[in-house]
Amino acid sequence: MFVHNIVFRNNDRFAITTLLREIGENTLNHNCWNRKLNKPRRLNQFFLEANEHGTKLKYRYPKKGVHTIMEVDKYELPECGWIRVKVK
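No experiment lies behind these values; they were computed from the predicted model shown.

Here the focus is the overall build of the chain. A tally of helices and strands in the chain yields 2 helices and 5 strands. Secondary structure of the chain in N-to-C order comes out as β-α-α-β-β-β-β. Taken over C-alpha atoms, the radius of gyration comes to 13 Å for the chain, in line with the 12 Å a tight globule of 88 residues would show. Each principal axis of the C-alpha distribution contributes one length, and for the chain these read about 40 × 30 × 20 Å. Here the chain holds 88 residues, and the buried ones make up 33% of them. When contacts within the chain are restricted to residue pairs at least 6 apart in sequence, those whose partners lie at least 24 apart make up 59%. For the chain, the computed accessible surface area is about 6,500 Å², with 51% contributed by carbon and sulfur atoms. The centroid of the 17 positive side-chain charges in the chain is displaced by 12 Å from the centroid of its 9 negative side-chain charges.

See the structure below:
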């Protein structure tokens, strides 16, 4: 029997750009360094993912897959553009 978790994802470029400006380059670089991740280069590979535990900023690395960069619950989050997705 498969258990599917429901998450909400947001890929809106304007919302992510606004959030990244609020976070700041230093904070983003610090979180990537702590998680031993390369600095993200492409805006279209960022997305937000929310569930009952919180909202996370994630990035799709070309050869490494999807990694969480940081928790973003304390920042202003977008109200529109959320899509419900089933994940394993």
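Moving on, there is more to tell.
Moving on to the pairing of strand β4 (residues 65-71). As paired strands, strand β3 (residues 54-61) and β4 are joined by 6 bridges and run antiparallel to one another. Bridge pairing in β4 places K56 opposite E71. Hairpin remark: β3 followed by β4, antiparallel, with 3 residues in the connecting loop.

Here helix α1 (residues 13-23) has its buried residues at A15, I16, L19, L20 and I23. Looking down the long axis of α1, one finds its buried residues gathered within 135 degrees of arc, a one-sided arrangement. Within α1, the exposed residues directed more than 90 degrees away from the buried face are R13, F14 and R21. Where α1 is buried, its residues meet β1 (5-10), α2 (25-34), β2 (46-51), β3 and β4. G24 sits one or two positions beyond α1 and adopts a positive phi of about 90 degrees.

The tendency in soluble globular proteins is for nonpolar side chains to be buried as a group. The biggest cluster of nonpolar side chains holds 16 residues, and the ones touching the most others in it are I23, L28, F46, L57, I69, M70 and V72. Of all the elements in the fold, those that place two or more residues in this core are α1, α2, β2, β3 and β4. When residues in this core are grouped by element, the largest group, 4 residues, is from α1. If near-sequence neighbours (up to four positions away) are discounted, L28 is found in contact with L20, I23, F46, L57 and I69.

This brings us to the packing of aromatic side chains. Two aromatic rings are characterised by how far apart their centres lie and by the angle between their planes. Under the criterion given, the structure shown has 2 aromatic pairs. Ring centres of F46 and Y59 lie 4.9 Å apart, and the angle between their planes is 65 degrees; on these two criteria the pair is classed as edge-to-face. Highlighted residues: F46 in strand β2 and Y59 in strand β3, separated in sequence by 13 residues. The exposure classification of F46 matches that of Y59, with both residues buried. Ring geometry for Y59 versus Y61: centroids 4.7 Å apart, planes at 70 degrees, classification edge-to-face.

Cut-off values and rules
Residues numbered from 1 in each chain as written. Predicted model: local features only at pLDDT ≥ 70, side-chain atom pairs only at ≥ 80, totals over all residues. Heavy atoms only, no water. Helix = DSSP H or I, 4+ residues; strand = E, 2+ residues; numbered from the N terminus. Rg over C-alpha atoms; globule rule 2.2 N^0.38 Å. Buried < 20%, exposed > 50% of the residue type's maximum accessible area, 1.4 Å probe, protein only. Contact = heavy atoms within 4.5 Å. Areas by Shrake-Rupley, 256 points an atom, 1.4 Å probe, with all protein chains shown as cover. Lys, Arg positive; Asp, Glu negative; His and termini not counted. Charge placed at Lys NZ, Arg CZ, Asp CG, Glu CD. Pairing = 2+ DSSP bridges. Arc of directions from axis to C-beta. Core = buried A, V, L, I, M, F, W, Y, C linked by side-chain atoms within 4.5 Å. Phe/Tyr/Trp six-rings, centres within 6.5 Å; stacked < 30°, edge-to-face > 60°.

Function cannot be inferred from these measures alone, as they are strictly geometric.
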